[in-house]
Amino acid sequence: MSSDDGVAGRWDGVDVHFGEAGGRLTYGSYLRLAELLDQQRLESDPPAHDELLFITIHQVYELWFKQVLHELTASRDAMLSGELWLAEHLLRRVHTIERTLTQQVDILETMTPQDFGEFRHRLSPASGFQSVQFREIEFLSGAKDPSFVRRFRGLTEVEKERLGRRLEEPTLWDAFLVVLEKAGFGTDTEDSIRDALRKVAGDRSHYAAVWELAEVLLQHDELAAAWRARHVVMVERMIGTKPGTGGSSGAGYLRSRLDLRYYPLLWDLRTTL
Ligand code: HEM
Ligand SMILES: N[C@@H](CC(=O)c1ccccc1NC=O)C(=O)O
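Just so it is clear, the model here is predicted, and its values are computed rather than measured. (Residues numbered from 1 in each chain as written. Chains lettered and ligands numbered in written order. Predicted model: local features only at pLDDT ≥ 70, side-chain atom pairs only at ≥ 80, totals over all residues. Heavy atoms only, no water.)

### Some remarks on the domain arrangement of the chain
Worth spelling out the cut-off: How far each domain reaches was decided by an automatic or database domain assignment.
By the assigned domains, the chain splits into domain 1 (1-38) and domain 2 (50-272). Taking only C-alpha atoms into account, the centre of domain 1 sits 40 Å from that of domain 2.

### So, the coordination of the iron atom of ligand 1
Rules: Coordinating N, O and S atoms are those within 2.8 Å of the metal (3.2 Å for Na, K and Ca), and as water is not part of the atoms, a site may appear to have fewer donors than expected. A four-donor site is classed as tetrahedral when every donor-metal-donor angle falls between 85 and 135 degrees; four donors are called square planar, and six octahedral, when trans pairs exceed 155 degrees and all remaining angles lie between 65 and 115, with any other arrangement labelled irregular.
You will see that the iron atom of ligand 1 has only one donor from the protein, His231 (NE2), lying 2.2 Å away. Geometry at the iron atom of ligand 1 is octahedral, judged from the 6 donor atoms that bind it and their angles of 79 to 179° at the metal.

### With respect to the site of ligand 1
Threshold: For this description, a residue counts as near a given molecule or strand if any of its non-hydrogen atoms is within 4 Å of it. Here a polar contact is taken to be a pair of N or O atoms separated by no more than 3.5 Å, where protein atoms must pair a possible hydrogen donor with a possible acceptor and residues adjacent in sequence count only if both atoms sit in side chains. The secondary structure listing takes helices from DSSP runs of H or I that are at least 4 residues long and strands from runs of E that are at least 2 residues long, numbered from the N terminus. Classification used: nonpolar for Ala, Val, Leu, Ile, Met, Phe, Trp, Tyr, Cys and Pro, charged for Asp, Glu, Lys and Arg, polar for all others including Gly.
Surrounding ligand 1, one finds 27 residues, the nearest of these being Arg135, His231, Ser248, Tyr253 and Arg257. Within the backbone of Thr245, one N or O atom sits 3.4 Å away from an oxygen atom of ligand 1. Mapped onto the shell around ligand 1, the elements with two or more residues apiece are α3 (51-80), α6 (132-141), α11 (208-239) and α12 (251-256). Ranked by residues supplied to the shell around ligand 1, first place goes to α11 with 6 residues. Looking at the shell around ligand 1 residue by residue, the class counts come to 15 nonpolar, 10 polar and 2 charged.

### Here we look at the pattern of salt bridges
Let me state the cut-off plainly: Salt bridges are identified by distance alone: a Lys or Arg side-chain nitrogen within 4 Å of an Asp or Glu carboxyl oxygen. Between buried and exposed lies partly exposed: a residue is buried under 20% and exposed over 50% of the maximum accessible area for its type, with that area taken using a 1.4 Å probe on protein chains only.
Using the criterion set out here, one finds 23 salt bridges in the structure. Two residues, Asp195 and Lys199, come together in a salt bridge whose shortest N-O distance is 2.8 Å. Of this pair, Asp195 and Lys199 both sit in helix α10 (residues 190-202), 4 residues apart, which is roughly one turn of the helix. Taking the relative accessible area as the measure of exposure, Asp195 reaches 32% and is therefore partly exposed. One connected set of salt bridges, linked through shared partners, spans Arg76, Asp77, Glu136, Arg162, Arg166 and Glu169.

### A short note on the UniProt feature "binding site: heme" (unreviewed entry) in the chain
Just so we agree on the cut-off: UniProt positions are given in the numbering used here, feature names are shortened, and annotations may be inferred rather than shown by experiment.
Here, the residues flagged by UniProt with the feature "binding site: heme" (unreviewed entry) are His231. Counting through the fold element by element, His231 comes out in helix α11.

### Brief notes about the side chain of Gln104
The following threshold applies: It only takes one pair of heavy atoms within 4.5 Å for two residues to be counted as in contact.
Structurally, Gln104 can be placed in helix α4 (residues 84-108). On the basis of relative accessibility, which here comes to 10%, the residue Gln104 falls in the buried class. When near neighbours in sequence (up to four residues on either side) are disregarded, Gln104 contacts Ile57, Val60 and Tyr61.

### Quick word on the UniProt feature "binding site: substrate" (unreviewed entry) in the chain
Taking the numbering used here, the UniProt-annotated feature "binding site: substrate" (unreviewed entry) corresponds to Phe54, Ile55, Thr56, Ile57, His58, Arg120 and Thr245. Mapped onto the fold, Thr56 is located in helix α3. Of the residues examined, Thr56 reaches a relative accessible area of 34% and is grouped as partly exposed. Structurally, Arg120 is set in helix α5 (residues 113-120). Relative accessible area serves as the criterion here: at 16%, Arg120 is assigned to the buried category. In this structure Arg120 touches Ile239, Lys242, Pro243, Gly244 and Thr245, once residues within four positions along its chain are discounted.

### So, the site of ligand 2
Spelled out, the test is: Using the Shrake-Rupley algorithm and a 1.4 Å probe, accessible areas are obtained, with residue cover drawn only from the displayed protein chains.
Taken together, the residues surrounding ligand 2 are Phe54, His58, Phe116, Arg120, Leu123, Ala126, Ser127, Gly128, Ile239, Gly244 and Thr245. Within the side chain of His58, one N or O atom sits 2.8 Å away from a nitrogen atom of ligand 2. Between Thr245 and ligand 2, the recorded distance is 2.8 Å, taken from a backbone N or O atom to an oxygen atom. Protein coverage of the free-state accessible area of ligand 2, which is 390 Å², stands at 79%. Listing elements by their share of the shell around ligand 2, those giving two or more residues are α3 and α5. Across the shell around ligand 2, the residue classes break down as 5 nonpolar, 5 polar and 1 charged.

This is the structure:
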């Protein structure tokens, strides 16, 4: 038997090939590929060539949003339980996903406005505005805004429940305040938090883990801002100043969201350093 004939070894007296031990799990069954690859259904008829790209990009975004929520939730919980190294580790993973999400815009921008125009009229009133996981990430990060839940059209009960839960539970910022408290700082007023941040920044060898956490939170905030900026420029390239399919003014609405920051006190701190 040569080593490259595909036989991994013998099991119960029978030659077993790579990936066939027991003959149960396969690549496709493990990853549910039959289901996954059957979820790209075009609205255009006859099919517009670029609509598959448009659907694929959005589905990939939602898969990564799911992963980001998984990591941010665990990072928040790690801060609450005092495992600061784990909270930092998971946030660093989130950063790399967020960079990938912004870079994905390059792929969508290979679509021209004319080609988008072939199926755009079919999409209304659907819009990215209705992405529940996107809003969950904002809420969990610290930007809770119940008015988004009221403005959502066509939410399922399950989605309403998920957003409601995110509005109730502690945010990453709430968890960071618990970290500051455990480090001996008061956090009752905004001024006391500002004071705590200045002390942490001024004695990094003593507060190393807390300072690093503040930095990875700020990085998460910066990467979210970078996505918003990239998205609005892509929108201007695709539809100019047309109103959005979701019913907003379009680029004007998106520009009004560019100043959103999850952790304004971490940004203000810079001015005092
Ligand atoms: C051709 C590409 C795209 C165009 C022209 C576009 C356009 C728009 C417009 C006009 C809005 C404002 C809401 C409305 O429709 O009235 C919006 C919101 C949004 N879009 Fe897109 N979009 C594009 C691609 C994407 C992609 C790939 C994603 C990734 C998930 C995305 C996610 C979002 C989100 C999350 C919002 C809500 C933003 C907020 O409320 O701050 N969009 N988009
Ligand atoms: N709002 C976009 C359409 C769009 O991009 C879209 C439509 C349906 C589902 C997701 C979308 N992506 C982001 O808004 C537009 O006005 O052209």
